[in-house]
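These are the residues of each chain, in order.
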Amino acid sequence: MMEQQYLWWQKEVIYQIYPRSFQDSTGDGVGDLKGIISRLDYLQWLGIKAVWLSPIYPSPMADFGYDVSDYCGIHPLFGTMEDFDELLQEIHKRGMKLILDLVPNHSSNEHPWFLESKSSRDNPKRDWYIWKDAAEDGGEPNNWLSVFGGSGWEWDEHTQQYYYHAFLKEQPDLNWRNPEVQEAMMGVMRFWLEKGVDGFRVDVIYHIIKDDKFRDNPPNPDYKPSMSTYEQQLASYSTDQPEVHDIVKMMRNLLNQYDERLLIGEIYLPIHRLVTYYGNELDGAHLPFNFVLINIDWNATKIASVINEYEGALPEGGWPNWVIGNHDQPRITSRVGNEQAKIAAMLLLTLRGTPTMYYGDELGMRDVPIPQDEVQDPQGLNMPDLDLSRDPARTPMQWNDSENAGFTEGKPWLRLAKNYKRVNVAKQKDDEYSMLSYYKRLIELRQQEPALHVGAFEPVFTNSSIISYIRKHEQTQFLVILNLSHKPCKFAPEHHHYKGTVVLATDPEQEGSTLDKTIALAGDEGLIVQLDA
Ligand code: NOJ
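Residues numbered from 1 in each chain as written. Predicted model: local features only at pLDDT ≥ 70, side-chain atom pairs only at ≥ 80, totals over all residues. Heavy atoms only, no water.

**Description of the overall build of the chain**
To keep it simple, the criterion reads: Numbering of helices and strands runs from the N terminus, with a helix taken as a DSSP run of H or I at least four residues long and a strand as a DSSP run of E at least two residues long. For a compact globule the rule gives 2.2 Å times the number of residues to the power 0.38, and the radius of gyration it is set against comes from C-alpha atoms. Think of it in three bands: with a 1.4 Å probe and only protein chains considered, a residue is buried below 20% of the maximum accessible area for its type, exposed above 50%, and partly exposed in between. Throughout, a residue-residue contact means that at least one pair of heavy atoms, one from each residue, lies within 4.5 Å. Throughout, the Shrake-Rupley method with a 1.4 Å probe supplies accessible areas, and for residues the shown protein chains are the sole cover considered. Charged-residue counts in this description rest on Lys and Arg as positive and Asp and Glu as negative, His and the chain ends being excluded. We put the charge of a Lys on NZ, of an Arg on CZ, of an Asp on CG and of a Glu on CD.
Helix and strand counts for the chain come out as 16 helices and 19 strands. Over its C-alpha atoms the chain spans a radius of gyration of 24 Å, differing by no more than 12% from the 24 Å that the globule rule assigns to 533 residues. By its C-alpha atoms, the chain is 75 × 50 × 50 Å across when sized along the principal axes. When burial is assessed residue by residue, the chain has 60% of its 533 residues classed as buried. A sequence separation of at least 24 residues applies to 68% of the contacts in the chain between residues at least 6 apart. With an accessible surface of roughly 21400 Å², the chain has 48% of that area assigned to carbon and sulfur atoms. For the chain, the centre of its 50 positive side-chain charges and the centre of its 79 negative side-chain charges are spaced 4 Å apart.

**A word on the site of the ligand**
Basically, it comes down to this: We call a residue near a molecule or strand when any one of its heavy atoms sits within 4 Å of it. Distance and chemistry together define a polar contact, namely a pair of N or O atoms within 3.5 Å, with one atom able to donate a hydrogen and the other to accept it when in protein, and with adjacent residues in sequence counting only for side-chain atoms on both sides. Three classes are used: nonpolar for Ala, Val, Leu, Ile, Met, Phe, Trp, Tyr, Cys and Pro, charged for Asp, Glu, Lys and Arg, and polar for all others, with Gly counted as polar.
In the region of the ligand, 14 residues are neighbours, and Asp63, His106, Asp203, His327 and Asp328 sit closest. Here His106 contributes a side-chain N or O atom positioned 2.9 Å from an oxygen atom of the ligand. Contact between the ligand and His327: an oxygen atom at 2.8 Å from a side-chain N or O atom of the residue. Protein contact buries 98% of the 300 Å² of open area that the ligand shows by itself. Its residues placed into classes, the shell around the ligand shows 4 nonpolar, 3 polar and 7 charged.

**Comments concerning the nonpolar core**
As a reminder, the rule being used: The term nonpolar core refers to a set of buried residues drawn from Ala, Val, Leu, Ile, Met, Phe, Trp, Tyr and Cys, joined through side-chain atoms within 4.5 Å.
In this structure, Tyr15 and Phe84 are the most contacted members of the largest nonpolar core, which totals 159 residues. If we ignore the near neighbours within four places in the chain, the residues touching Phe84 are Leu33, Ile56, Ile74, Leu98, Leu100, Trp192, Lys195 and Val197.

**Re the environment of Glu525**
Its location among the elements puts Glu525 in the loop between strand S18 (519-521) and strand S19 (526-531). In this structure Glu525 touches Ile343, Ile481, Leu482, Asn483, Thr506, Asp507, Gln510 and Ala520, once residues within four positions along its chain are discounted. Among the polar contacts listed, one links the side chain of Glu525 to the backbone nitrogen of Ala522, at a separation of 3.0 Å.

**As for the environment of Asp173**
Relative to the helices and strands, Asp173 is located in the loop between strand S6 (161-164) and helix H6 (179-195). A residue is classified by how much of its surface remains accessible, and Asp173, at 0% relative accessible area, is buried. If near-sequence neighbours (up to four positions away) are discounted, Asp173 is found in contact with Asn105, His106, Trp128, Tyr129, Ile130, Tyr164, His165, Ala166 and Lys210.

**A look at the environment of Glu90**
Among the secondary structure elements, Glu90 is positioned in helix H4 (residues 81-93). Under the relative-accessibility criterion, Glu90 is labelled buried at 15%. The contact partners of Glu90, leaving out residues within four places of it in the chain, are Ile37 and Leu40. At 2.9 Å, the side chain of Glu90 forms a polar contact with the side chain of Arg94.

**Points about the side chain of Arg331**
Along the chain, Arg331 falls in the loop between strand S10 (321-323) and helix H11 (332-336). Within polar-contact distance, the side chain of Arg331 engages the backbone oxygen of Ala393 at 3.5 Å. With residues up to four places along the chain from it excluded, the contact list for Arg331 reads Tyr358, Tyr359, Gly360, Asp361, Met365, Arg366, Asp367, Ala393 and Thr395.

**Comments concerning the pattern of salt bridges**
We count it as follows: A pair is scored as a salt bridge if a Lys or Arg side-chain nitrogen falls within 4 Å of a carboxyl oxygen belonging to Asp or Glu.
All chains considered together, the criterion is met by 30 salt bridges. With a shortest N-O distance of 2.8 Å, Asp85 and Lys195 are connected by a salt bridge. Of the two residues, Asp85 sits in helix H4 while Lys195 sits in helix H6, which places them 110 residues apart along the sequence. Asp85 gets classed as partly exposed once you look at its relative accessible area, which sits at 32%. Among the residues examined, Lys195 registers a relative accessible area of 27% and is labelled partly exposed. Connected via shared salt-bridge partners are Asp63, Asp328, Asp377, Arg390 and Arg394.

**Some thoughts on helix H7 (residues 244-256)**
To be explicit about the condition: To estimate how far a helix should extend, the number of its residues minus one is multiplied by 1.5 Å. The arc refers to the directions leading from the helix axis to the C-beta atoms.
With 13 residues, H7 ought to run about 18 Å at 1.5 Å a step, and its terminal C-alpha atoms sit 18 Å apart, in line with that. For H7, every residue scored as buried is listed here: Val244, Ile247, Val248, Met251, Arg252, Leu254 and Leu255. Along the axis of H7, the buried positions cluster into a sector of 155°, meaning they face one direction only. Contacts made by the buried residues of H7 are with H6, strand S7 (199-202) and strand S8 (262-265).

**Section: the domain arrangement of the chain**
Here is the rule: Where each domain starts and ends comes from a domain assignment, either automatic or drawn from a database.
Looking at the chain, the domain boundaries give domain 1 (9-107 + 178-208 + 231-445), domain 2 (112-164) and domain 3 (456-531). Spacing between the C-alpha centres of domain 2 and domain 3 amounts to 56 Å.

**Section: the pairing of S8**
For a regular strand, side chains alternate in direction, first toward one face of the sheet and then toward the other. Just so we agree on the cut-off: Pairing between strands is defined by DSSP: at least two bridges between the two strands are required. A clockwise course of the path from the first strand over the helix to the second, judged with the strands pointing away from the viewer, identifies a crossover as right-handed.
Burial along S8 is two-sided: Leu262 and Ile264 facing one way and Leu263 and Gly265 facing the other are all buried. Two strands pair when backbone bridges link them, and S7 and S8 are joined in this way by 4 bridges, in the parallel orientation. Its bridge partner lying in S8, Phe200 is registered against Leu263. Each parallel crossover has a hand, and for S7 linked through H7 to S8 it is right-handed. Relative to strand S9 (residues 287-288), S8 runs parallel, the two being bridged by 2 bridges. Looking at S9, one finds that Ile264 is bridged to Leu287.

Okay, here's the thing in C-alpha cells:
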C-alpha cells in the first residue's frame, strides 16, 4: 500500500501571534515585526512550525487592524515592507510557515476605495460597497444589526443613502457580488502569495455574501439580555448565504495555483453548517476553523459528544482542526481555570486534526482585568454593561521578570498581568513542571508520533467525568485519558482490557505508571498512555 502523504498544515501546530502584544522593538509600547523576528528562536524551541499573524496592514486601528486601509502595505507601527520581507525570510529559514490574516469582508472607511465610493452616487466604485436607499418611512433599509452593537446601517448625509457594516461603522462591508471587488481582492492575495506567504486566515469568511433581497433577519428565540445585542437576531440573511461558497472556491482556486498554500476560514456556525465550508468537492477552505471547544461548557460528556459529532460531520477527506483560544475570546486558563488548563492543552494537542494555539496560552497566561478608563476594544466600549471587551485576552506576552515583562521599554499599550514576574517564559523554561515545559513536551511528542499527528481517532467510553480516545497509526496506539473534574476518578472501561505505559502526564510523576485494565487518576489529571503492541 502506498504511504499516504500529508501536507505541512496537517501535521504541525499553528501559533497565533497578536502583533501588537508579542514583542516591541522600538519602545512605543506596541509590538512590531522586528520584535517578532527577535522571538522566532523561542517559537522554534517550542516546536512551532507555523505562525499566523493578526493584521499588520495600514489601518486607522478603529478595530486594531481589522479595519484595513491598504491591503498591500505594512502599518508603520509594525515596521516596513523590508521588515516584513525579513520576517518571512527568517521564518522560512527556520523551516517554519507564515500565515497572514486577510480581511476581505470589509475595509476601513479610510480605504481609498471607500473614499471614492462615498464621494458620489455615480462614482465608479459606488457599487464596491453596500449602499441602499432609506426605507419608505425614512428608516434603515432592513433590521440588520452590527456585531459590535447597534444598527448595521450608517446614514451618509452627503449622498443620502445608507451603507452596511457588519462590524463598526468604520468598517464598511465590501460588495462581493461585484466582480471588480472580487478581482481586486484576488489581486491582493496574489501580491502576498507571490512574496511567498504560506496561507491566509480569512476573517469572517461566512459574512462575505449577503442575501440579494436584503430580507429582515428573524428574532433569535434563545436570546437572553446577558448576550450581545447582535444576538437578538439570527443572522439568517446577513451571513452564511449559499453564494458564499463560490467566493471561497475562488480563493481556493487561486491558492491552488501555488504549492501547498493554506486557506483557513474564520467561521462561527453550528457544526452542520461549518462543514459545508470544506466545499462540495473539497474545493473550499482547507480548514474551516472549528470553534466548538470555545463555546462549549467544560463538561466531559458534552465535549466527548461534540467531538464525535464533529468527527462524524466531516466530509470524506476533510481535515479536522481544533482551536481553544484566540484574540476574540476569553483565554482558556480563565475560562476553565488553572487546574484544567493542562487538560485543555492535552486535548488540543492530541485530538485528530490541526491545532491552533494562542500566544501566551503556553504559559497559562490569564485574562487581565482592564480598568474601565483603560479599555481599548470597541466591542467593550460600545456595550459597556455586557463585559464584552476583548482586551483582557490581548495583553503583552510575558517574557521575563524585568520591567514590562521584557515586552517593551516604553509604556505598554495595554497593561500587563500583575503576575508576570512569576509567570513568564524565562522562569518557566527552567522549570520542568511549568506549563511551558509541559506544552513543549506535548508538542514534541505530537510531532514525533505519526499516531498523534495523522493517526486515526477512536472514542473510548468510560466514566462520565473522563474524556478518552485512542489515536492510532500502523502498530502504534496512544490512549488519551482526561479527567475533567477536580476529583480523583478511575478509568475502567467495562468491555476492553487496555494495557500500556503512561508516556506523558499533567503531573510527570505519573509517567512510567502502567495501565492494566484500570488506572486511577487524580483530579484534573490527564494521561497519554502508549498501549502495548
Ligand atoms: C473577526 C476578528 O477576529 C475580530 O477581531 C474582528 O473584530 C472582526 N472579525 C471584524 O473584522
